[in-house]
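Examination of the molecular architecture
The chain contents come next:
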Amino acid sequence: MADRNVLTAPVSVCFDPEIHPAPRGVTLWVVGPGGTGYKGHWYEGAIAWGYLPQIPESVKARQDQLQKEKQQRERIRDQQSNPELSEEQVR
């Protein structure tokens with residue numbers, strides 16, 4: 001019996017592939033025959049599919065900033081652990 005207490009978003013929709021064929025060659029939310037959903041590509045035998053949620057630009061910008069900060073920390077760490085290397089040789 002399916003768990004009816006699982007939270008779902010009212011804007012998330014999975015499509016029946018017999019009514020709305022899944023697009024090929026793109027990453028989707030795919031529901032397998034056992035009812036488990038995951039991010040992947042459509043395959044024959046899957047029972048439903050949906051588009052992935054969109055990530056806001058503000059979140060993408062924050063993610064980019066965090067990545068830059070991480071790279072800077074790694075550069076500093078590498079320079080401290082290898083002081084004989086020049087700035088160009090570190091990363």
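Everything below is about the structure printed above this text.
This write-up is about the structure you can find in this document.

Description of the pairing of strand S1 (residues 28–31)
Bridge count for S1 against strand S2 (residues 37–40) is 4 bridges, and the pairing is antiparallel. Bridging across to S2, Val 30 finds its partner in Tyr 38. Linkage of S1 to S2, two consecutive antiparallel strands, is achieved through a turn of 5 residues, within which Gly 35 is found at a positive phi near 95 degrees. Inspection of the sheet shows S1 paired to strand S3 (residues 48–50) by 3 bridges, in the antiparallel sense. Following the sheet pairing, Val 31 is matched in S3 by Ala 48.

Here we look at the pattern of salt bridges
Evaluated as defined, the whole model comprises 3 salt bridges. Where Glu 44 meets Arg 24, a salt bridge forms, and the shortest distance between an N and an O atom there is 2.7 Å. Placement of Glu 44 in the loop between S2 and S3 and of Arg 24 in the segment before S1 is noted, with a sequence separation of 20 residues between them. Residue Arg 24 is classed as exposed on the basis of its relative accessible area, which comes to 56%. The partner of Lys 60 in a salt bridge is Glu 57, and the shortest N-O contact between them spans 3.6 Å.

Side note on the packing of aromatic side chains
Aromatic rings considered in pairs are described by the distance between their centres and by the relative angle of their planes. In total, this model carries 3 aromatic pairs according to the counting rule given. Where Phe 15 meets Tyr 51, the ring centres are 6.0 Å apart and the plane angle is 75 degrees; that geometry is what we call edge-to-face. One end of the pair, Phe 15, is in the segment before S1; the other, Tyr 51, is in the loop between S3 and helix H1 (57–81), with 36 residues separating them in the sequence. Among the residues examined, Phe 15 registers a relative accessible area of 23% and is labelled partly exposed. Three or more aromatic residues joined by ring pairs make a cluster, and in this case those are Phe 15, Trp 49 and Tyr 51.

Side note on the nonpolar core
Among the nonpolar cores identified, the biggest contains 6 residues, and these are Ala 22, Leu 28, Val 30, Trp 42, Ala 46 and Trp 49. If near-sequence neighbours (up to four positions away) are discounted, Val 30 is found in contact with Thr 36, Gly 37, Tyr 38, Gly 40, His 41, Trp 42, Tyr 43, Ala 46 and Ala 48.

Some remarks on the environment of Gly 40
Assignment of secondary structure puts Gly 40 in strand S2. The exposure class assigned to Gly 40 is buried, which follows from its relative accessible area of 13%. Sequence separation of Gly 40 and Thr 27 is 13 residues, and the distance between their C-alpha atoms is 5.2 Å. Ignoring any residue separated from it by four or fewer positions in sequence, one finds Gly 40 in contact with Val 26, Thr 27, Leu 28 and Val 30.

About the thresholds
Residues numbered from 1 in each chain as written. Predicted model: local features only at pLDDT ≥ 70, side-chain atom pairs only at ≥ 80, totals over all residues. Heavy atoms only, no water. Pairing = 2+ DSSP bridges. Helix = DSSP H or I, 4+ residues; strand = E, 2+ residues; numbered from the N terminus. Salt bridge = Lys/Arg side-chain N within 4 Å of Asp/Glu carboxyl O. Buried < 20%, exposed > 50% of the residue type's maximum accessible area, 1.4 Å probe, protein only. Phe/Tyr/Trp six-rings, centres within 6.5 Å; stacked < 30°, edge-to-face > 60°. Core = buried A, V, L, I, M, F, W, Y, C linked by side-chain atoms within 4.5 Å. Contact = heavy atoms within 4.5 Å.

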